[in-house]
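Observations on chain architecture
The lines below spell out each chain.
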Amino acid sequence: MRLATWNLKQAVAPKKPAADLWQWIGDTVEPDVVVFTEAKVPNETPPAGWQAVWIPGGVGPKRRWGTVIAGRGVQVTAVTSVTTGRVRQKTVALEPRWPAAAVVADITVGSERWATVVGLYGLTVDTNGDKCGHGRYSVPALLNDLEPLFTSDRADRIIVAGDFNMWPSDTWSIAADFELLDCVSLTAADRPVLAGCSGCDEGDQCGHLWTHRNGNSPNAAVQQIDFIFATPTLADELDTVYGGPDTYPGIWDLSDHAPVVAEFS
Ligand SMILES: [Zn+2]
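Because the structure is predicted, anything quoted here is derived from the model rather than measured. Residue numbers run consecutively from 1 along every chain, following the written order of its sequence. Confidence filtering applies because this is a predicted model: local features only for residues at pLDDT of at least 70, side-chain atom pairs given and counted only at 80 or more, and all residues used for totals across whole chains, interfaces and linings. Computation of side-chain values: all heavy atoms of the structure, hydrogens and water removed.

**Observations regarding the overall build of the protein**
- Helix and strand labels come from DSSP, where a helix needs a run of H or I of at least four residues and a strand needs a run of E of at least two; each type is numbered from the N terminus. Helix and strand content of the protein: seven helices and 16 strands.
- Only C-alpha atoms enter the radius of gyration, while the globule expectation follows 2.2 Å times N to the 0.38, with N the number of residues. Relative to a compact globule of 265 residues, whose C-alpha radius of gyration would be 18 Å, the protein shows 17 Å and is just as compact.
- C-alpha extents for the protein along the principal axes are approximately 55 × 40 × 40 Å.
- Method for areas: the Shrake-Rupley scheme with a 1.4 Å probe, in which residue coverage is limited to the protein chains shown. A total of about 11,900 Å² of accessible surface is found on the protein, and carbon and sulfur atoms cover 47% of it.
- Counted charges follow a simple rule, with Lys and Arg positive, Asp and Glu negative, and His plus the chain ends left uncounted. Every charge is mapped to an atom, namely NZ of Lys, CZ of Arg, CG of Asp or CD of Glu. Seen as two clouds, the 20 positive and the 32 negative side-chain charges of the protein have centres 8 Å apart.

Structure (structure tokens):
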């Protein structure tokens, strides 16, 4: 199974029409499952050949963008409530405070649930809803809203993927709190150190991917702010991780983000 996450930059000053980006990732990355963030939400149906879930209308009036989970050759089913409790089971609704930023879907292959995927966009707002330029408040807040998922009967196989708007060194505590493993870090030894890696405390162990180019300056910060986290059961099945401009030359002409891709056996 190949899962990708990519921010399409449809919220502000898109570089390409959404249809071109769906076509590109389908032809070039060929994912089974993809999380799109800052994606223009489809009007009614996704492009032919894809299944997808999203929140109609997106983030709000005149902001018809949000997180979209899409798949090809798999079944993609929205998850809006979960069953928790070992003895007294109960059904609990999943109610992320920004619904279009955190979308949850089951990915089913044949008759088997492969994983439950949380597509996550770290809105750059603080506790008061004021702009703060990072997702260090919104990402843990959204995951806390989804806490029932992590204690539900789906808890063994969960992937959280998307644009967290956070640097790697800020994500460790979140991974720990939700018992998730960072697929990029797990495979860091497969890659060279990312020169100029922002917000990184891993020194010569850094194997981060350049996923966001902030502006067109030659000195634009080199930063990984898009991540794929997985529960230990799924992390055990992780084969390879790749992405960024080394894998996809010319990616900055399509979006200011580059895809991160994880392959699971
Ligand atoms: Zn790094």
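**Let's talk about the pattern of salt bridges**
- Here, a salt bridge means any side-chain nitrogen of Lys or Arg that lies within 4 Å of a carboxyl oxygen of Asp or Glu. Enumeration according to the criterion identifies seven salt bridges in this entry.
- With a closest N to O distance of 3.8 Å, Asp256 and Lys9 form a salt bridge. With a gap of 247 residues between them, Asp256 in the loop between helix 7 (244-247) and strand 16 (260-264) and Lys9 in the loop between strand 1 (2-7) and helix 1 (18-29) connect regions that are remote in the sequence.
- Residue Asp170 pairs with Arg136 through a salt bridge whose shortest N-O separation is 3.8 Å. Taken together, the residues Asp170 in the loop between strand 10 (158-163) and helix 4 (172-177) and Arg136 in the loop between strand 9 (112-121) and helix 2 (138-145) connect sequence positions 34 residues apart.
- For every residue, the accessible area (1.4 Å probe, protein chains only) is compared with the maximum for its type, and the residue is labelled buried under 20%, exposed over 50%, or partly exposed between those bounds. What makes Arg136 partly exposed here is its relative accessible area of 43%.

**Overview of the coordination of the zinc ion**
- Each metal site lists N, O and S donors within 2.8 Å (3.2 Å for Na, K and Ca). With water left out of the atoms, a site can look as if it is missing ligands. For the zinc ion, the protein coordination sphere consists of Cys197 (SG), Cys200 (SG), Cys206 (SG) and His208 (ND1), at 2.1 to 2.4 Å.
- Angular criteria define each label, namely tetrahedral for four donors with all angles between 85 and 135 degrees, square planar for four and octahedral for six donors with opposite donors over 155 degrees apart and remaining angles between 65 and 115, and irregular for whatever fails these tests. Seen from the zinc ion, its four donor atoms lie at angles of 101 to 115 degrees, and the figure they make is tetrahedral.
- Mapped onto the polypeptide sequence, the residues donating to the zinc ion form the spacing pattern C-x2-C-x5-C-x1-H. A single burial state applies to Cys197 and to Cys206, both of which are buried.

**A few points about helix 2**
- With respect to burial, helix 2 is a largely interior element, seven of its eight residues being buried.
- Three or more residues of helix 2 are buried, namely Ser138, Val139, Pro140, Ala141, Leu142, Leu143 and Asp145.
- The criterion used for residue contact is that any of the two residues' heavy atoms lie within 4.5 Å. Buried positions along helix 2 lie against strand 8 (102-109), strand 9, helix 3 (147-150), strand 10 and helix 4.

**A word on unusual backbone geometry**
- Its identity as a non-glycine residue notwithstanding, Ala13 has a phi of 45 degrees, on the positive side.
- By secondary structure assignment, the location of Ala13 is in the loop between strand 1 and helix 1.
- Look at Asn165: it is not a glycine, yet its phi comes out positive at around 55 degrees.
- Checked against the element boundaries, Asn165 lands in the loop between strand 10 and helix 4.

**Re the nonpolar core**
- Within this scheme, the nonpolar core is defined by two criteria: the residues are buried Ala, Val, Leu, Ile, Met, Phe, Trp, Tyr or Cys, and they are joined through side-chain atoms within 4.5 Å. Of all hydrophobic cores here, the largest spans 28 residues; its most connected members are Val118, Leu120, Leu143, Leu149, Phe150, Val160 and Phe164.
- Those elements that place two or more of their residues in this core are strand 8, strand 9, helix 2, helix 3, strand 10, helix 4 and strand 14 (226-230).
- If we ignore the near neighbours within four places in the chain, the residues touching Leu149 are Val82, Leu94, Val104, Thr116, Val118, Arg154, Ala155 and Ile158.
- Grouped together as the second largest cluster of nonpolar side chains are 26 residues, Leu3, Ile107, Trp114 and Leu234 included.

**Remarks on the side chain of Ser152**
- With respect to the helices and strands, Ser152 occurs in the loop between helix 3 and strand 10.
- On the basis of relative accessibility, which here comes to 8%, the residue Ser152 falls in the buried class.
- In the analysis that follows, any N or O atom pair within 3.5 Å is treated as a polar contact, provided that within protein one partner can donate a hydrogen and the other can accept it, and provided that, for residues neighboring in sequence, both atoms belong to side chains. At 2.7 Å, the side chain of Ser152 and the backbone oxygen of Leu149 are in polar contact.

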